[in-house]
Every structure is written in C-alpha cells, then in structure tokens.
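# Examination of the molecular architecture
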Amino acid sequence: MARITAGVGTSHVPAIGAAIDLGKTQEPYWKPVFDGYEWTKKWIEAEKPDVIILVYNDHATAFDMDIIPTFAIACSDSFKPADEGWGPRKVPDIHNHADLAWHIAQSCILDEFDMTIVNNIDLDHGLTVPLSLMFGQPDQWPCKIIPIAVNVVTYPPPSGNRCYGLGEAIARAVESFDEDLNVQIWGTGGMSHQLQGPRAGLINPDWDQKFLDNLTQDPELLRAIPHIEYLRETGSEGIEMVMWLIMRGALGEKIKELHRHYHVPASNTAVGHIVLEKDT
Amino acid sequence: MSELTHTNIHAYLAELEDIPGTRVYTTKRARQGYWLNQFAMSLMKAENRKAWKADEAAYIADWPMTDAQRDAVLARDYNLLLDLGGNIYYLAKVFSTDGLSFLQAVSTMTGMSTEDYQTMMINGGRSPIGLRSIKEGT
C-alpha cells in the first residue's frame, strides 16, 4: 500500500529560484538561505520518496482572474515549468504519478472535499522553487510530483481548518491506493511577508517560530488561526502558510521534527523550512 | 475542532479593512480590478510586451478599464493601483516588464528608497508592532 512517511514545509520565494538559476547560491546574501537546506538535501537523498504531493499556490500564472479554483489537483502525466514573463526556468519537466493523482481526486471528492481537476497546466515558481531547494539542479527530478494548487490570492482563501481537513482526506486517499509507494507531502509558501502597500516588508520571526513549534506541539491551535491573524501578524502574503496545514493534516497525530531552518531575508520574505517525520 | 464554525461575513470583511497600509484583495476589489488585472496578465506574452513597450498609451487604450486605472498604470502608482482593484501578483507583470524585481517595485509603495528598504529587510524587516490594527493602534 502507498504510505505517507514525511512532510516538509518550505518557503517558495521566486528570487531563490533566480539565485539558483544564476549561480548565486554562494554569494554572502544568499549563502545562509541555501546552507539551511544542506541537511535536508542529504536527508531526502537517503529517503528516496517515490512520490511527492506538492501543495503550492499559482501566482497569476496558470490561473488568472477567469478561473479561481480553491483546491485544484493536477492529474495529467507531465507538466512544463511556466513562463512567468521572463522565460520558463531552466529546470526539468515535472512528471506526475497520474494514477495516484486521479485516485486522490476521486477519494477527496467522495470525502466531501470538492477538488477541481486540472489536466493542462504549467507550473510556476511556487512549485519549482521548492524542488530546486530540495534537489538542487538535476537533469531529471528524482521522483513523481502530484501538484495541488490552493487559492491564497483572492480572498477568502480556504480556512486553516479546511486545509488541515483536506490533508487528512489526502492521507486517507493515499492509504487506500494499492501500490507500494513511499509518499511525502510538502506544504509551501510563507513565512511572514508582505509584498504590497506602505506596510510592505513586514516580518514577524517570533510568530513564525511559534508556528513552526506548534506543527508538533499544538497543531489543533494552528488549524484554528483565523485569516485576520495571518494578515495582522505575518503580512498580507503570510496567509500562504495555510498550505502548510494541508501537509500537517496529512501526517496524522504522531510526528517528530527532524530539522528546522529560518532566515531573514530572501528578497521581501522570511524563509523557513521544517522536516517532519511520521512516527509509526 | 473540525466542527464547522460559521463566519459572520460582514465582521470578517470589516476586519480586513482594519490593517494599516494594506489592501486585502477581496471579491469587491477583484470585481473592480478585473480588467486592470487581465490587462497586466496579457503582458505574460512576449508579443504583447513588445506592443506595450512600443506604445503604452495605445496598448492600454483597448482595455475596458477606467481612466483612473489607466492613468495609474501609466504612472506606475502601485499604491493607487491597489486602491483601484489591482492585485500585486498581476501588477508584477507590469513591473517585471519594466525590468524591476519584486523588491524594487515593492519598495516604491513604502515611501522609502529602494536602498533604505533593502537595508531594512537585511536588518530583519519591518516589525508588526503598531501596524496590526488601525482601530487598536497595536
């Protein structure tokens, strides 16, 4: 049977992708960001997941104002990195585990999470930057990727509680898939940042660290955080952290924190990542 | 905790307007800014960027937005564009076409020079203290 073994939460700042693509990772500004991922890169090389369910948000790339799905799951066989206005990132195509993706879609819908199914989509930095952070610059990504896109751009985004519940439904779907697969789930985006208005540049390390603490210590508290708290405490774009709760919900009750890293800034953003292992 | 708690939509929306220096992209703003944002989205295509750069006023004239929205785009007044229904991820197509990074474009909304803004970020960013609520001043 397929099983979820671990979860990763990580920022997906586009400037991080540009720094990797332009060979700037050892520059003094960027080095502390990338050093924090060294442990995680070794860890994932040893873990060798077969599939990653990668929760991200599209930033007015594939979805514009014409279609705004709250939860979308991409089910086709493969995807291209998107052209976000300056040419696509030179990273490998992304290959899906389409049978598992379709299975998750049908299971979640029957479980009352009404997913939008997408078959033709290019994937933006929200999805490709985490892959680059975790796997570096390989010729091919070493595993299959199931993209799940969440609307966190047009208000209201889904509640943290709903995201957590979707994670639980995804876990049930994976566990009922009849193929022996090591599956990870990643939640991406955040941490505190605001990209608009006179309040832009807001960073809240205390709140961010507490959020990281409570992924293991008190996830029930996290799922109850209302949108307004993300907005007030973590900036208008900090709301992306609801996507981490899909990851957390999918891991179940007993988990261990294996690694954490936090650094300010990358461009306008606090960069955080955490590795959580399911305790079996 | 998985019990559904019903949200009072009016209280929810009122709180979104109580954050200093912030325009939350609500459905009302999404409706107001539909064409403004779709215009910006059109700059994802190289041929459209070329036409826009060749004659901005002519390119934008064809989009059914308000004069105020058109003028604010031409003036690159991003705070005003947020007030007129623009969303930052869409407006990013305009400033990327200008060759500006997120950090450079975002700094123009803060009243700081790009250098001062970048220094603030390197020093840990802007504290939320005093910027959480207009009403409460916290």
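For clarity, every value in this text was computed on a predicted model and none was experimentally measured.

Procedures and definitions
Residues numbered from 1 in each chain as written. Chains lettered and ligands numbered in written order. Predicted model: local features only at pLDDT ≥ 70, side-chain atom pairs only at ≥ 80, totals over all residues. Heavy atoms only, no water. Disulfide = S-S within 2.5 Å. Buried < 20%, exposed > 50% of the residue type's maximum accessible area, 1.4 Å probe, protein only. Salt bridge = Lys/Arg side-chain N within 4 Å of Asp/Glu carboxyl O. Helix = DSSP H or I, 4+ residues; strand = E, 2+ residues; numbered from the N terminus. Axes fitted to C-alpha atoms, helices over the stretch in contact; angles between N-to-C directions. Parallel < 35°, antiparallel > 145°, perpendicular 65-115°, else oblique. Left-handed = near helix turned anticlockwise from the far one by under 90°. Contact = heavy atoms within 4.5 Å. Nonpolar A, V, L, I, M, F, W, Y, C, P; charged D, E, K, R; others polar. Patch = residues over 30% accessible without salt bridge, like charges linked within 9 Å, V, L, I, M, F, W, Y side chains within 5 Å. Areas by Shrake-Rupley, 256 points an atom, 1.4 Å probe, with all protein chains shown as cover. Lys, Arg positive; Asp, Glu negative; His and termini not counted. Charge placed at Lys NZ, Arg CZ, Asp CG, Glu CD. Core = buried A, V, L, I, M, F, W, Y, C linked by side-chain atoms within 4.5 Å. 1 Å grid on protein atoms, 1.4 Å probe; cavity = no way out; pocket = protein on both sides within 12 Å on 5 of 7 lines; lining within 4 Å. Points joined across faces, edges and corners; volume = space filled by probe spheres on them. Polar contact = N/O pair within 3.5 Å; in protein donor to acceptor, adjacent residues only side chain to side chain. Buried area = accessible area lost by both parts, 1.4 Å probe. Pairing = 2+ DSSP bridges.

## Here we look at the state of the cysteines
All names here are of chain A. Overall, the coordinates contain 0 disulfides over all chains when judged by the stated rule. In this model cysteine 75 remains outside any disulfide bridge; the closest cysteine sulfur is found in cysteine 108, 10 Å from its own. Judged by relative accessible area, cysteine 75 falls into the buried class, the value being 1%. For cysteine 163, which is in no disulfide, the shortest distance to another cysteine sulfur is to cysteine 108 and amounts to 12 Å.

## Quick notes on the pattern of salt bridges
Overall, the coordinates contain 18 salt bridges over all chains when judged by the stated rule. For Asp18(B), the salt bridge is made with Arg232(A), and the minimal N-O distance between the two is 3.0 Å. Residue Asp18(B) is found in the loop between helix H1 (9–16) and helix H2 (27–32), and its partner Arg232(A) is found in helix H9 (residues 227–234); the two belong to separate chains. Assigned by exposure class, Asp18(B) and Arg232(A) land together as buried. Measuring nitrogen to oxygen at the nearest pair gives 2.6 Å for the salt bridge that ties Arg76(B) to Glu56(B). Within this pair, whereas Arg76(B) is found in the loop between helix H6 (67–74) and helix H7 (78–83), its partner Glu56(B) is found in helix H5 (residues 56–61), the two being separated by 20 residues in sequence. One salt-bridge network, in which partners are shared between bridges, spans Glu168(A), Glu220(A) and Arg223(A).

## What to know about the packing of helix H7 (residues 205–217) of chain A against helix H10 (residues 242–251) of chain A
All names here are of chain A. Following both chains from N to C, one finds H7 and H10 inclined at 20 degrees, their axes separated by 11 Å at the closest point. It follows that H7 is roughly parallel to H10 by the angle criterion. Crossing of H7 against H10: the hand is right-handed. Of the residues in H10, those touching H7 at Phe211, Leu212 and Leu215 are Trp244, Leu245 and Arg248. Tallied by class, residues from the contact of H7 with H10 come to 5 nonpolar, no polar and 1 charged.

## A few points about a negative patch on the surface
Residue and element names in this part refer to chain A. Taken together, the side chains of Asp50, Asp77, Asp99, Asp178 and Glu179 make up a negatively charged region of the molecular surface. Position of aspartate 178 among the secondary structure elements: in the loop between helix H6 (160–175) and strand E8 (182–188). For aspartate 178, a relative accessible area of 68% translates into the label exposed.

## Considerations on the nonpolar core
Core analysis: the biggest nonpolar cluster contains 102 residues, and Ile104(A), Ile170(A), Ile185(A), Phe211(A) and Phe39(B) have the highest contact counts within it. Look past the residues within four positions of Ile170(A) in its chain and what remains in contact with it is Ile53(A), Ile104(A), Cys108(A), Ile148(A), Ile185(A) and Ile246(A). Counting 38 residues, the second-largest nonpolar core is a separate cluster that includes Ile44(A), Leu54(A), Tyr56(A) and Leu133(A).

## Focus on the layout of surface pockets
Vacant regions in the atomic arrangement are exposed by a probe of water-molecule size rolled over the atoms. The space that makes up the largest pocket amounts to roughly 960 Å³. The wall of the largest pocket is formed by 39 residues, among which Pro14(A), Ala15(A), Ala18(A), Ala19(A) and Trp86(A) lie closest to the centre. Elements that contribute at least two residues to the lining of the largest pocket include exactly helix H1 (14–21) of chain A together with helix H8 (88–97) and helix H9 (102–107) of chain B. At 6 residues, H1(A) tops the list of elements feeding residues into the lining of the largest pocket. Of the residues belonging to the lining of the largest pocket, the class tally is 17 nonpolar, 15 polar and 7 charged.

## Re H8(B)
Residues and elements named next belong to chain B. For H8, the buried fraction is high: 9 of the 10 residues fall into the buried class. Every buried residue of H8 is listed here: Ile88, Tyr89, Tyr90, Leu91, Ala92, Lys93, Val94, Phe95 and Thr97. Elements that come into contact with the buried residues of H8 comprise helix H3 (34–42), helix H4 (46–54), H7 and H9. For H8, the N-terminal capping position is held by asparagine 87, with its side-chain oxygen 2.8 Å away from the main-chain nitrogen of tyrosine 89.

## As for the side chain of Thr154(A)
As for its placement among the helices and strands, Thr154(A) is situated in the loop between strand E7 (144–150) and H6. Take Thr154(A): its relative accessible area is 9%, and that puts it in the buried class. Setting aside chain neighbours within four positions, we find Thr154(A) in contact with Ile68(A), Tyr25(B) and Ala30(B).

## Describing the interface of chain A and chain B
Taken together, the contact pairs 45 residues of chain A with 49 residues of chain B. Taken as a group, Met65(A), Arg199(A) and Arg232(A) account for 16% of the area that chain A buries against chain B, more than any other trio of residues on that side. Taken together, the connections running from chain A to chain B amount to 2 salt bridges. Taken together, the links from chain A to chain B amount to 26 residue pairs in polar contact (both at pLDDT 80 or more). Every element with two or more residues in the side of chain A that touches chain B is listed here: helix H8 (219–223), H9 and strand E9 (255–266) of chain A. A total of 5 residues in the side of chain A that touches chain B trace back to one element, the largest contributor, which is H9(A). Here the residues of the side of chain A that touches chain B are counted per class, giving 19 nonpolar, 15 polar and 11 charged.

## Observations concerning the pairing of strand E1 (residues 3–10) of chain A
Residues and elements named next belong to chain A. Counting buried positions along E1 yields 7 of 8 residues, so the element is predominantly enclosed. Pairing between E1 and E8: 7 bridges, direction parallel. Paired with arginine 3 across the two strands is asparagine 182, which belongs to E8. Where E1 meets strand E10 (residues 269–278), 5 bridges bridge the pair, whose relative direction is antiparallel. By the bridge assignment, valine 8 is partnered in E10 with valine 275.

Any link to function would need more than the numbers given here.
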